[in-house]
Amino acid sequence: MNSSRILLEEVDSTNEELKRLADKGARQGTVVIARRQTAGKGRRGRSWYSDSLDSIYMSLLLRPAFAPDKASMVTLVAALAVSQSIEKECGLPVGIKWPNDILVQEKKVCGILTEMYMKEEGIDFLIVGIGINVKLKELPQELTTMATSLEKEASRSIDREGLIEALLNEFEANYQKFLACQDLSLLQSEYNERLITRGRQVQVMGTSQQLSGEAVGINRTGELLVKAADGQLERVYAGEVSVRGIYGYV
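Engineer: Explain the packing of aromatic side chains to me, and be specific about the residues and the numbers.
Structural biologist: With the rule as written, the count across this model stands at 4 aromatic pairs. Pairwise contacts between aromatic rings join F66, F171, Y175 and F178 into one cluster.

Rendered as structure tokens:
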């Protein structure tokens, strides 16, 4: 996948800028990278804290041929790529909180937002937005127990451009494995190795029924497997997952 990079000083949202370019015919592999976002977006309509000139705000354009019901797995492909690149470039142990929060020392350093746009015959394009806290001088008080930065945890300077390069390379390798099977069979083991949710008590909210139990791992389609109190293994496709010991869940 040949990438074309667009570097911006400031933008409302890299996802929104890339959508505008995609609507004008931008090719698969186009990447928008900004030094600052004024209206960064997170999952479920949340905003993404984007006040640092030293963090990574980027979005990648995909024009896949697979069915729309497979698109959610791309978020997990990206989460694995982010964790792999941080481990290699920063030397930090990285955990994934299902499906796509990237944690260092059980604090969030990265968020991922994948957006799908349709045409009559299927997917028109996907945009994978990635925000990584590289160097945050200050955080809002309400985020200090939940978020951190790579430089704070590594206690050294991090090469922002080198991390972006590594991330794109890891994503390309993972994405090709995903396309080969159109599921996560070739990535499932590596993802589960980093899954901080695995083996811990979780609460799942936002689904048709409230669910609590022990997270076992993901299956090949990216669903979280949760063992309920009665021993039944439940598959979680979507929803907010709280993990015991993280973000105040006791």
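Engineer: Go over unusual backbone geometry, please, and point to the residues and values.
Structural biologist: With an omega of 0 degrees, the peptide bond between W98 and P99 qualifies as cis. Here P99 shows up in the loop between β4 (95-97) and β5 (101-104). With phi around 60 degrees, S155 is a residue other than glycine that occupies positive phi space. Tracing the backbone through its elements, the reader meets S155 in the loop between α3 (150-154) and α4 (160-181). Residue classification places S155 among the exposed residues on the basis of a relative accessible area of 66%. Its identity as a non-glycine residue notwithstanding, Q182 has a phi of 55 degrees, on the positive side. Taking relative accessible area as the criterion, Q182 reaches 31% and is therefore assigned partly exposed.

Engineer: Residues and numbers for helix α1 (residues 14-23), please.
Structural biologist: Each full turn of the α-helix corresponds to 3.6 residues, which orients residues three or four apart in the same direction. Within α1, burial applies to T14, N15, E17, L18 and A22. For α1, the buried positions fall inside an angular range of 160 degrees around the axis, keeping them on one side. Looking at the packing, one finds that the buried side of α1 touches β1 (4-11), β2 (30-37), β3 (56-62), β6 (107-119) and β7 (122-132). Residue S13 occupies the N-cap position of α1, its side-chain oxygen lying 3.2 Å from the main-chain nitrogen of N15. A positive backbone phi angle near 100 degrees is found at G25, which sits one or two residues after α1.

Reading the values: the criteria
Residues numbered from 1 in each chain as written. Predicted model: local features only at pLDDT ≥ 70, side-chain atom pairs only at ≥ 80, totals over all residues. Heavy atoms only, no water. Phe/Tyr/Trp six-rings, centres within 6.5 Å; stacked < 30°, edge-to-face > 60°. Helix = DSSP H or I, 4+ residues; strand = E, 2+ residues; numbered from the N terminus. Buried < 20%, exposed > 50% of the residue type's maximum accessible area, 1.4 Å probe, protein only. Arc of directions from axis to C-beta. Contact = heavy atoms within 4.5 Å. Polar contact = N/O pair within 3.5 Å; in protein donor to acceptor, adjacent residues only side chain to side chain.

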